[in-house]
Amino acid sequence: MGTTASQLGKDLLSEYQELTFLTKQEILLAHKRFTELLTKDEKDLPNTRVPAERILTLPELKSNPFRKRICHVFSTSEQKDGSLTFEDFLDLLSAFSDSATLEIKSHYAFRIFDFDDDGTLDCGDLEKLVNCLTGETDETRLTTEEMRQLINNILEESDIDKDGTVNLSEFQHVISRSPDFVSSFKIVL
Amino acid sequence: MASEPWRQGSREVHDYTEGNGYPGDQHSLRLRRVSSRVSNQNYPQFDWNPPPAEKDEEGNRAQPRDLRGIPLPMALKRAVRQVQQMQVPVVSSRESWKRKKTKSLHKLKDNARGWLSFFTLWSKSLQKIGGNFGGGVQSYFLFLRFLVVLNFVSFLLIAGFVLIPSIVFRSVGDSLVNSTGPKECMEYDPNPQGLVVFYNYFLNLLSGTGFMEYSYLFYGYYNNTTVEDSNFSYNIPLAYLFTAVFYFAFCLICIIARMGTAARVVVVTGGSAVGNYSMIVFTSWDYGCLGDRATKLKQKNIHYRLQVDLEEESIKKRAAALTLCQKIVLYALRVSMGFVSFGLIIAAFYGIFVATDFSQKNSGEQGILGLIFEYLPSIVITAGNFLVPLLCDQIALIERYAPSTTVIVALLRAVFLRLVSLGVLLFTLWSQITCAGETTVKDCTLCQYNYNVYPCWETRVGQEMYKLTLFDLLINIVVLVLVEFPRRMVVDNWSSKLAQWVGRQEFVVPANVLGLVYGQTVVWTGALFCPLLPLINTIKFVLLFYFKKITLFYNCRPALKTFRSTTSTFFFLVVLLFGWSLATVVMIYSLSEIHPSMGCGPFRFFPNMWSIVPKSFYNLSEITQEFLFFIGSQEFSIPLFALSCVVMCYFITLASVYGKSVALLRAQLKLEGRDKQFLVKQIEELSRQHHILKHTAGAHD
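All values derive from a computational prediction rather than experimental measurement.

Caption draft 1: Geometry of the overall build of chain B. When helices and strands are tallied, chain B shows 21 helices and five strands. In chain B, buried positions account for 41% of the 701 residues. Long-range contacts, defined as pairs at least 24 residues apart, comprise 76% of the intrachain contacts of chain B with a sequence gap of at least 6. Roughly 39600 Å² of accessible area belongs to chain B as shown, and the carbon and sulfur atoms make up 66% of that amount.

And the structure:
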């Protein structure tokens, strides 16, 4: 049921069109770019799993500060090492595509920001998130005082049930008020 | 960046295998799994797997969920699809027919979208711009593209209804009314006499005079012919008038339609003040950013924004703590600075008035000097639009508004300056054409307009607008070549302190958008007098797109302070609407008040341009006349007005109901949270008691 050689069967193509938000051209382009990442031997095997290091050489992901989290979230491997099969890759592109809904984008955004994978965004997650956004070097980090003030402000604004963390509903509530989110949460090959 | 999930004794990794979006609070309450050593800080983890019963119900009750919207890996989505396909829902044949229809409609929509994206203009370029420079700059180029398409479609309209019939029926047809005016008013000879020097052709091209004046470009060339065939009649003056009016209405509809989508978003967000920090942190990253440089810039951008916002918050706290005396001083300063900026703007207007006056009085000059005099109003307007905002920026530093307020105030001042300076130009022209509205003055008694200076005043106005358009384009190109490219070369190759301080050019979105709005307003004002102006404007905007794109990629660095893209689109359209209303006022006034030239044009022998409509009206059939009278009468309009009031009240009520339900749901969410805390405490209490009992029981044994 996986992808073989360099051809995508027609039924597989229409199945992917039904299960993702991608158009036919986008799926074919994704297939082309994915097979470029495979070595010669891997090309013959169906359902190859490409390790995260090779996925991260794609120019669209290479400089993204969330690249490791993205690979981790979309990976279906048992070892949780961030490796992706072609279908995981399509899931990734579908969530980041032009026509994906706000619900699915906000769901995956939440998972990407949840650095410790516990289902909520607590202070540690928020701090790591802000550091990713501003850059990891010392001159671009916020001072501890600013960080503390910022996290307090964020929790005050979005933590509605006042439990000290931001859960998915609260996150989606904030996202739904932002008009730019859908257009910026986009990766197009 | 630590991304591996780490397992502590008391924590479990969150299981995301059920993609239900909103987990549903009932699920979390029912299926919560608590680990043994949970403290007050560690909240229990939820398992999002719903019980199988729930899933079946959902599958049967509603339409099959859109598979693409389920946040599960592909293999699980396939499983869900198989389950859906196996479940034969008990639905009526009508229901299943409806579902099939919606499915095929979805497929059709997807295909249509694929086709349309093929035809969209410049989509690749826009994507590249957005990825490298962000949404703010991209919104400028999207706005430019919208204007290009608008102008092109309007040109097709004008060409179809005015230009082509004029060309076809030029020799055929007879004039509507015979000449009845005084002989002097009808003298109009725009063709150049005698030998024409070669470079005059170039000057004529730039100023619309000479060989360009008596051509399809300007109003004066069109005749008031009516073609009457056996079953075909075409009234060119009427067509000219109606096309102009329809052109304005069409532009208004396009702008409002585009504002509709942007407005919806603005209303939903309800202003950017609330939830600012969470919004920045959760939504500001642009995943389309390509390359290390763009990423670092975006990070610096976000860092800057956060710092600025945090600083603004502390400034606000300090401002609230100002003493009364300090507040009075600050407000007095702001009021006086407001007056100063207003004074600057008035000074600019006076300069434009003087320049236009001078230019019109000396319009007979030949050669280069004549060209300069012709372009004097445009030069003064451009200089004013360049200097006054610079000075106002300096004034804004003294006023010390909050940063966001400063941007809005600067923009409003610039808009006011631009549009009203155009208004001053038009006012000056009007006062000269109609002798300031008094027809008893010597020059204007004979023909109700100044026939000595303006034998064909409409063409003259058209020429002014044509010159403004061309000059705008020329200035843009000149600034590009002479200022931006050299600046970049200097900054890149000369590493001195001064060069670094000046830095590379920044693409300032608001100023550029105002330039576009100004250009479009000029075109709208001039379209009645220069029918080909929309075509010229289309070409101008297309050229501008490519020039601006080149300068963006070669000379500019991304702005440190971003301009929010969606609220800004709405703002651009509002400003465009201001320009449109200015042009509409001009058009309505020209149609109804000023006497058309007797020597040229399709409305030669009418007291005003609008009077052709009543005249043609009486040529219609009786029934049509009665119907139109009925529509305009009170019996029709009063019930219509009452009906629209009722509909508006309905929508207002609906909107307030939605607002109330949002507030209610938020309160409910808070209560649920408190429920959760209460239950967690209870569970802890019980487990502690259980533990104690076990302990004491063990001790006994």
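Caption draft 2: Fine view of the overall build of chain A. Helix and strand content of chain A: 11 helices and zero strands. Of the regular secondary structure in chain A, the N- to C-terminal order runs α-α-α-α-α-α-α-α-α-α-α. A total of 189 residues make up chain A; the buried ones form 62% of that total. Put simply, of all contacts in chain A between residues at least 6 apart along the chain, 56% involve residues at least 24 apart. Looking at charge distribution, chain A has the averaged site of its 21 positive side-chain charges lying 7 Å from that of its 36 negative ones.

Caption draft 3: Fine view of the pairing of strand β2 (residues 225-228) of chain B. Residue and element names in this part refer to chain B. Here three bridges tie β2 to strand β3 (residues 233-235), and the two strands are oriented antiparallel to one another. From the neighbouring strand, Glu228 faces β3, where its bridge partner is Ser233. If you look at the hairpin formed by β2 and β3, you'll find four residues sitting between the two strands.

Caption draft 4: Just the pattern of salt bridges, in detail. Tallying each qualifying case throughout the model produces 13 salt bridges over all chains. Between Arg81(B) and Glu15(A) there is a salt bridge, and its shortest N-O distance comes to 3.4 Å. On the criterion of chain membership, the pair formed by Arg81(B) in helix α3 (residues 74-86) and Glu15(A) in helix α1 (residues 10-19) is interchain, its members lying in two chains. The salt bridge partner of Asp88(A) is Arg49(A), with a shortest N-O separation of 3.8 Å. Separated by 39 residues along the polypeptide, Asp88(A) in helix α6 (residues 86-95) and Arg49(A) in the loop between α2 (24-37) and α3 (52-55) bring together distant segments of the chain. Look at Arg49(A) and you get partly exposed, because its relative accessible area is 31%. Here the salt bridges share partners, and the residues they tie into one network are Glu15(A), Glu18(A), Glu87(A), Arg78(B) and Arg81(B).

Caption draft 5: Focus on the interface of chain B and chain A. Taken together, the contact between chain B and chain A spans 68 residues of the former and 84 residues of the latter. Summing both partners gives a buried area of about 7000 Å² for chain B against chain A, and 59% of it is carried by carbon and sulfur. At the junction of chain B with chain A, the criterion picks out five salt bridges. Of the charged contacts, one joins Arg78(B) and Glu87(A) as a salt bridge, the two residues approaching to 2.5 Å between their closest N and O atoms. Elements with a contribution of two residues or more to the side of chain B that touches chain A: α3, α8 (236-269), α9 (276-283), α10 (291-320), α18 (565-592) and α21 (634-700) of chain B. The dominant element in the side of chain B that touches chain A, judged by the number of residues it contributes, is α10(B), at 10 residues.

Caption draft 6: Region of interest: the packing of aromatic side chains. Here the structure, examined in full by the defined rule, presents 41 aromatic pairs over all chains. Ring centres 6.4 Å apart and planes at 75° place the aromatic pair Phe66(A) and Trp285(B) in the edge-to-face group. Separated into two different chains, Phe66(A) in the loop between α4 (59-62) and α5 (67-74) and Trp285(B) in the loop between α9 and α10 make up a pair that spans both. On the numbers, 5.7 Å between centres and 65° between planes, the contact of Tyr216(B) with Tyr222(B) is edge-to-face. Note on Tyr216(B): relative accessible area 19%, which makes it buried. Given a relative accessible area of 0%, Tyr222(B) falls into the buried group. Here Arg418(B) stacks its cationic end above the ring of Tyr518(B), 5.2 Å away from the centre of that ring.

Caption draft 7: How the structure looks around the domain arrangement of chain A. All names here are of chain A. Partitioning chain A into structural domains gives domain 1 (7-95) and domain 2 (102-184). Taking only C-alpha atoms into account, the centre of domain 1 sits 27 Å from that of domain 2. Taken residue by residue, the interface counts nine residues in domain 1 and 12 residues in domain 2. For the pairing of domain 1 and domain 2, the buried interface totals around 970 Å² over both sides, and the portion due to carbon and sulfur atoms is 71%. One salt bridge in this structure joins Asp117 and Arg69, with 3.2 Å as the shortest N-O distance. If you look at where domain 1 meets domain 2, you find five residue pairs in polar contact (both at pLDDT 80 or more). With five residues, α5 is the largest single contributor of residues to the side of domain 1 that touches domain 2.

Caption draft 8: Spotlight on the side chain of Asp88(A). Of the residues examined, Asp88(A) reaches a relative accessible area of 2% and is grouped as buried. A polar atom in the side chain of Asp88(A) sits 2.9 Å from the side chain of Thr76(A).

Caption draft 9: Local environment of the domain arrangement of chain B. As assigned here, chain B comprises domain 1 (123-619) and domain 2 (622-694). Computed from C-alpha coordinates alone, the two centres of domain 1 of chain B and domain 2 of chain B are separated by 41 Å.

Caption draft 10: Up close: the UniProt feature "domain: EF-hand" (unreviewed entry) in chain A. Following the UniProt record, the feature "domain: EF-hand" (unreviewed entry) maps to residues 101-136 and 146-181 of chain A here. Across residues 101-136 of chain A, helical content stands at 67% and strand content at 0%; the span's end C-alpha atoms are separated by 31 Å.

Caption draft 11: Broad picture of a positive patch on the surface. On the surface, a cluster of positive charge is made up of Lys162(A), Arg666(B), Lys670(B) and Arg674(B). One can find Arg666(B) in helix α21. What makes Arg666(B) partly exposed here is its relative accessible area of 36%.

Caption draft 12: Main features of a nonpolar patch on the surface. Residue and element names in this part refer to chain B. Nonpolar side chains collect at one region of the surface, where Leu620, Phe627, Leu628, Phe630, Ile631, Phe636 and Leu640 lie side by side and expose about 610 Å² of accessible area between them. For the nonpolar patch, the secondary structure elements donating two or more residues are α20 (622-632) and α21. A per-element tally of the nonpolar patch places α20 first, with four residues. Within the secondary structure, Phe627 is located in helix α20.

Caption draft 13: Up close: the packing of α1(A) against α3(B). As a packed pair, α1(A) and α3(B) sit with axes 11 Å apart at the nearest point and diverge in direction by 90°. The angle between the axes of α1(A) and α3(B) places the two elements in the roughly perpendicular class. Only Met74(B), Lys77(B), Arg78(B) and Arg81(B) of α3(B) make contact with α1(A), whose side of the interface consists of Leu12(A), Glu15(A), Tyr16(A), Glu18(A) and Leu19(A). Counted by class, the contact of α1(A) with α3(B) contains four nonpolar, no polar and five charged residues.

Caption draft 14: Quick look at the state of the cysteines. Residues and elements named next belong to chain B. Scanning the model with the defined rule gives one disulfide over all chains in all. Bridging Cys456 to Cys600, the disulfide has an S-S length of 1.8 Å. Measuring handedness by torsion sign, the sulfur bridge of Cys456 and Cys600 sits at about 95° and is right-handed. Separated by 144 residues along the polypeptide, Cys456 in the loop between α13 (403-433) and α14 (457-493) and Cys600 in the loop between α18 and α19 (612-617) bring together distant segments of the chain.

Caption draft 15: Examining the packing of α6(A) against α3(B) more closely. Relative orientation of the contacting elements α6(A) and α3(B) amounts to 85°, with a least axis distance of 9 Å. Considering their axes alone, α6(A) and α3(B) lie roughly perpendicular with respect to each other. Between α6(A), through Glu87(A), Leu90(A) and Asp91(A), and α3(B), the contact on the second element is made entirely by Met74(B), Ala75(B), Lys77(B) and Arg78(B). Of the residues belonging to the contact of α6(A) with α3(B), the class tally is three nonpolar, no polar and four charged.

The rules behind each value
- Residues numbered from 1 in each chain as written.
- Chains lettered and ligands numbered in written order.
- Predicted model: local features only at pLDDT ≥ 70, side-chain atom pairs only at ≥ 80, totals over all residues.
- Heavy atoms only, no water.
- Helix = DSSP H or I, 4+ residues; strand = E, 2+ residues; numbered from the N terminus.
- Buried < 20%, exposed > 50% of the residue type's maximum accessible area, 1.4 Å probe, protein only.
- Contact = heavy atoms within 4.5 Å.
- Areas by Shrake-Rupley, 256 points an atom, 1.4 Å probe, with all protein chains shown as cover.
- Lys, Arg positive; Asp, Glu negative; His and termini not counted.
- Charge placed at Lys NZ, Arg CZ, Asp CG, Glu CD.
- Pairing = 2+ DSSP bridges.
- Salt bridge = Lys/Arg side-chain N within 4 Å of Asp/Glu carboxyl O.
- Buried area = accessible area lost by both parts, 1.4 Å probe.
- Phe/Tyr/Trp six-rings, centres within 6.5 Å; stacked < 30°, edge-to-face > 60°.
- Lys NZ or Arg CZ within 6 Å of the ring centre and 35° of its normal.
- Domains from an automatic or database assignment.
- Polar contact = N/O pair within 3.5 Å; in protein donor to acceptor, adjacent residues only side chain to side chain.
- UniProt positions renumbered as here; feature names shortened; annotations may be inferred.
- Patch = residues over 30% accessible without salt bridge, like charges linked within 9 Å, V, L, I, M, F, W, Y side chains within 5 Å.
- Axes fitted to C-alpha atoms, helices over the stretch in contact; angles between N-to-C directions.
- Parallel < 35°, antiparallel > 145°, perpendicular 65-115°, else oblique.
- Nonpolar A, V, L, I, M, F, W, Y, C, P; charged D, E, K, R; others polar.
- Disulfide = S-S within 2.5 Å.

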